Amino acid sequence: CSYQFKYRPSQALLKNKGTYISLGKYSTTSTDKIINNNIRVDNHINPYIFCPSVHTFKNRRYAAELIIVHKGNCRMMTVCIPINGIGSSTSSLSNILSPKNLDSILLKNQVSYSNNELYNLSDYIKVNVPFYSYVAPLFFDNCEKCNYIIYPDPIIISAASISIIKKIISNH
């Protein structure tokens, strides 16, 4: 499985979808290139947060998981990265998933803008880092065949943010 990418910063639009949190459509331009097995899959990029993690990573389930669904040229690819709430972080994703922003989407279908703060998926998807891959239907759609790319090393966000994410998702 091959995966090449060049993401640019994007603004998040947090939305409580009940069983997960959507970060909104990720901004792309014609110069952005996300290529999976020699086919561009950058027409639609949608990042989501699931809690707890959907996948097990190194035989461990994490507090949450960043799942980035890519669509383009009749193909679908999903990048999955565990999220751990074991410390503090100053990353852009940690700032977007701050308790202040998450507190504004406690009810289903509530929306919160990230105060013009940008995040870049390239900060979390690393070049030359080993990943696992497999092909299966998209787990929350179960219709389309999807190439999964699984990165085993977690993103760190605050324990307070994980607590609120658990509260948001467990209420539904």
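These figures come from a predicted structure and were not determined experimentally.

(A) Representation of the overall build of the protein chain. Within the protein chain one finds 3 helices and 14 strands. A compact globule built from 172 residues would reach a C-alpha radius of gyration of about 16 Å, and the protein chain, at 15 Å, matches this within 12%. For the protein chain, the spread of C-alpha atoms along the three principal axes comes to 40 × 35 × 30 Å. The proportion of buried residues among the 172 residues of the protein chain is 48%. Across the protein chain, contacts joining residues at least 24 apart in sequence account for 64% of those joining residues at least 6 apart. A total of about 8300 Å² of accessible surface is found on the protein chain, and carbon and sulfur atoms cover 50% of it.

(B) Region of the structure containing the pattern of salt bridges. By the definition in use, this model includes 1 salt bridge. Measuring nitrogen to oxygen at the nearest pair gives 3.2 Å for the salt bridge that ties D153 to K58. Placement of D153 in the loop between β13 (145–150) and β14 (155–158) and of K58 in the loop between β7 (56–57) and β8 (60–61) is noted, with a sequence separation of 95 residues between them.

(C) Up close: the packing of aromatic side chains. Scanning the entire structure with this criterion turns up 9 aromatic pairs. Summarising the aromatic geometry, the rings of F5 and Y7 are spaced 5.6 Å apart at their centres and angled 35° between planes, so their arrangement reads as tilted. No difference in accessibility class separates F5 from Y7, as the two residues are buried. By the ring-pair criterion, three or more aromatic residues cluster together here, those being F5, Y7, Y26 and Y119. Between the NZ or CZ atom of R60 and the centre of the ring of Y62, over which it lies, the distance is 4.2 Å.

(D) Structural detail: the nonpolar core. Membership of the largest hydrophobic core comes to 39 residues, with the highest contact counts inside it found for Y3, L66 and I125. Looking at this core, the elements with two or more residues in it are β1 (3–6), β2 (10–16), β6 (44–50), β9 (64–72), β10 (75–87), α1 (92–96), β14 and α3 (159–170). Look past the residues within four positions of L66 in its chain and what remains in contact with it is L23, P47, Y48, I49, V79, C80, I81, I83, L93, L121 and I155. Grouped together as the second largest cluster of nonpolar side chains are 13 residues, Y20, Y48, F57 and I67 included.

(E) Geometry of the sheet that holds strand β5 (residues 39–40). The sheet built from 3 strands is open, its strands ordered β1-β4-β5 with antiparallel pairing. Each edge of the open sheet carries a strand with a single partner, namely β1 and β5.

Cut-offs used in this document
- Residues numbered from 1 in each chain as written.
- Predicted model: local features only at pLDDT ≥ 70, side-chain atom pairs only at ≥ 80, totals over all residues.
- Heavy atoms only, no water.
- Helix = DSSP H or I, 4+ residues; strand = E, 2+ residues; numbered from the N terminus.
- Rg over C-alpha atoms; globule rule 2.2 N^0.38 Å.
- Buried < 20%, exposed > 50% of the residue type's maximum accessible area, 1.4 Å probe, protein only.
- Contact = heavy atoms within 4.5 Å.
- Areas by Shrake-Rupley, 256 points an atom, 1.4 Å probe, with all protein chains shown as cover.
- Salt bridge = Lys/Arg side-chain N within 4 Å of Asp/Glu carboxyl O.
- Phe/Tyr/Trp six-rings, centres within 6.5 Å; stacked < 30°, edge-to-face > 60°.
- Lys NZ or Arg CZ within 6 Å of the ring centre and 35° of its normal.
- Core = buried A, V, L, I, M, F, W, Y, C linked by side-chain atoms within 4.5 Å.
- Pairing = 2+ DSSP bridges.

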